[in-house]
Amino acid sequence: MSDTINTAVAALNDKMSGGFDGTAKFVIDGEGAIMIDENGARAADDDADVTLTADADTFQSILEGDLDPTAAFMSGKLAVDGDMGMAMKLGSVLG
């Protein structure tokens, strides 16, 4: 498990009050994966309703609020595979 993943899991759990209604997976290129569900965020690589893929810098910018998730998607820095509605819901939780 990378430090990037551990830091991201802690940051996501701080951002989310409680859990998330659905399942989402963040894949950080070269680092690993994070699952988000009703229990919060954890390091794991399970099946999810939506999978979001980005490099570590993009993911960190989104977490820190420097980059809007929608803008990251539109500019090609964030790939979304699966339920787009779930991705939008997650974006509003992180925003």
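Now for a description of the structure that goes with this document.

The rules behind the values
- Residues numbered from 1 in each chain as written.
- Predicted model: local features only at pLDDT ≥ 70, side-chain atom pairs only at ≥ 80, totals over all residues.
- Heavy atoms only, no water.
- Helix = DSSP H or I, 4+ residues; strand = E, 2+ residues; numbered from the N terminus.
- Rg over C-alpha atoms; globule rule 2.2 N^0.38 Å.
- Buried < 20%, exposed > 50% of the residue type's maximum accessible area, 1.4 Å probe, protein only.
- Contact = heavy atoms within 4.5 Å.
- Salt bridge = Lys/Arg side-chain N within 4 Å of Asp/Glu carboxyl O.
- Axes fitted to C-alpha atoms, helices over the stretch in contact; angles between N-to-C directions.
- Parallel < 35°, antiparallel > 145°, perpendicular 65-115°, else oblique.
- Left-handed = near helix turned anticlockwise from the far one by under 90°.
- Nonpolar A, V, L, I, M, F, W, Y, C, P; charged D, E, K, R; others polar.
- Arc of directions from axis to C-beta.
- Polar contact = N/O pair within 3.5 Å; in protein donor to acceptor, adjacent residues only side chain to side chain.

### Here we look at the overall build of the protein chain
Helix and strand content of the protein chain: four helices and five strands. Relative to its length of 95 residues, the protein chain is compact, with a C-alpha radius of gyration of 12 Å against a globular reference of 12 Å. C-alpha atoms of the protein chain, sized along the principal axes, occupy 30 × 30 × 25 Å. Within the protein chain, the fraction of its 95 residues that count as buried is 39%. Sequence separation of at least 24 residues holds for 59% of the intrachain contacts in the protein chain that already meet a minimum separation of 6.

### Let's talk about the pattern of salt bridges
Using the criterion set out here, one finds four salt bridges in the structure. Between Asp21 and Lys89 there is a salt bridge; the shortest N-O distance is 3.8 Å. Taken together, the residues Asp21 in the loop between α1 (3-15) and β1 (24-28) and Lys89 in helix α4 (residues 84-94) connect sequence positions 68 residues apart. Judged by its relative accessible area of 36%, Lys89 is partly exposed. Of the charged contacts, one joins Asp37 and Arg42 as a salt bridge, the two residues approaching to 2.7 Å between their closest N and O atoms. On the basis of relative accessibility, which here comes to 7%, the residue Asp37 falls in the buried class. Taking relative accessible area as the criterion, Arg42 reaches 33% and is therefore assigned partly exposed.

### Some thoughts on the packing of α1 against helix α2 (residues 56-63)
Between α1 and α2, the least distance of the axes is 11 Å, while the angle of their chain directions is 20°. On the basis of the axis angle, α1 is roughly parallel to α2. Taken as a pair, α1 and α2 cross one another with a handedness that is left-handed. Between α1, through Thr4, Ala8, Ala11, Leu12 and Lys15, and α2, the contact on the second element is made entirely by Ala56, Phe59 and Leu63. Across the contact of α1 with α2, the residue classes break down as six nonpolar, one polar and one charged.

### Let's talk about α4
Looking only at α4, the buried set comprises Met86, Ala87, Leu90, Gly91 and Leu94. The buried residues of α4 occupy one face: seen down the axis, they fall within an arc of 145°. At its buried positions, α4 is contacted by α1, β1, β2 (32-37), β4 (50-54), α3 (69-74) and β5 (79-82). Structurally, the start of α4 carries an N-cap: the backbone nitrogen of Gly85 is 2.9 Å from a side-chain oxygen of Asp83.

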